[in-house]
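So you can see what is in the structure, the chains are spelled out below.
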Amino acid sequence: EAGVAQSPRYKIIEKRQSVAFWCNPISGHATLYWYQQILGQGPKLLIQFQNNGVVDDSQLPKDRFSAERLKGVDSTLKIQPAKLEDSAVYLCASSRNTGPETQYFGPGTRLLVL
Amino acid sequence: QQQVKQSPQSLIVQKGGISIINCAYENTAFDYFPWYQQFPGKGPALLIAIRPDVSEKKEGRFTISFNKSAKQFSLHIMDSQPGDSATYFCAATQAGTALIFGKGTTLSVSS
């Protein structure tokens, strides 16, 4: 089966600009996650969707970050406006259910904010 | 209490040697402990995982040892190979909530 797809793979923007990332999970996977991975650290959850509903967005900086999964399939994560500290890899993952043992990660989008 | 502490930060092992990475946690409600392997430019991939009702799980050259009383678990890579050179993350979670990752260990296996 095809893996989790993400685009773009790389993005360079200046601070205060906006940026959006796209994720297409594995077909049939109901749960979708967005993680932020800062250089030298482990991934940190930003938001978790179950179908098109939000399960956990407690660590999402809602003043600048937003995410949606309108049709319960693909998802977009937006940053507006970006700050220097948003430079990181943004990973999308999906799982068939809410069980983490089935969580599959995409290749990530590497964001550099100048 | 939600942290997972991982050590060492980096590790150099000779080909054929044993690589050992350790993790410790505080939250006794955690019920699933996976290890992920990440190569540069790739997303993390599940390597092996364990639940707290067993003390050890082995899959090929990879073994997880779990000590519930000490709230520690470790990854052992036997007969380490250059292809094992990657960053390894331990993680923990409870009841389907988000994975809490350690900070990672960069493993280099020299030939």
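Our subject is the structure that appears above.
One structure accompanies this document, and this report is about it. (Residues numbered from 1 in each chain as written. Chains lettered and ligands numbered in written order. Predicted model: local features only at pLDDT ≥ 70, side-chain atom pairs only at ≥ 80, totals over all residues. Heavy atoms only, no water.)

### Re the overall build of chain A
No. 1: Across its full length, chain A carries zero helices and eleven strands.
No. 2: Reading chain A from its N terminus to its C terminus gives the helix and strand order β-β-β-β-β-β-β-β-β-β-β.
No. 3: For 114 residues, the compact-globule estimate of 2.2 N^0.38 gives 13 Å, and chain A sits close to it at 13 Å.
No. 4: In chain A, 54% of the contacts between residues at least 6 apart in sequence involve partners at least 24 apart.
No. 5: For chain A, the computed accessible surface area is about 5,600 Å², with 50% contributed by carbon and sulfur atoms.
No. 6: Here chain A contributes 13 positively and 10 negatively charged side chains, and the mean placements of these two sets differ by 5 Å. (Helix = DSSP H or I, 4+ residues; strand = E, 2+ residues; numbered from the N terminus. Rg over C-alpha atoms; globule rule 2.2 N^0.38 Å. Contact = heavy atoms within 4.5 Å. Areas by Shrake-Rupley, 256 points an atom, 1.4 Å probe, with all protein chains shown as cover. Lys, Arg positive; Asp, Glu negative; His and termini not counted. Charge placed at Lys NZ, Arg CZ, Asp CG, Glu CD.)

### What about the state of the cysteines?
No. 1: Applying the stated criterion to the full structure yields two disulfides over all chains.
No. 2: Disulfide partner of A:Cys23: A:Cys92, at an S-S distance of 1.9 Å. Disulfide A:Cys23-A:Cys92: torsion about the S-S bond near -70°, hence left-handed. Of this pair, A:Cys23 sits in strand β3 (residues 19-24) while A:Cys92 sits in strand β9 (residues 88-95), and the two are 69 residues apart along the sequence. In this pair, the class of A:Cys23 matches that of A:Cys92, namely buried.
No. 3: Here B:Cys23 pairs with B:Cys90 through a disulfide, and the sulfurs are 1.8 Å apart. Its S-S torsion of approximately -90° makes the covalent link between B:Cys23 and B:Cys90 left-handed. Taken together, the residues span a long stretch of sequence, with B:Cys23 in strand β3 (residues 19-25) and B:Cys90 in strand β9 (residues 86-92) at a distance of 67 residues. (Disulfide = S-S within 2.5 Å. Buried < 20%, exposed > 50% of the residue type's maximum accessible area, 1.4 Å probe, protein only.)

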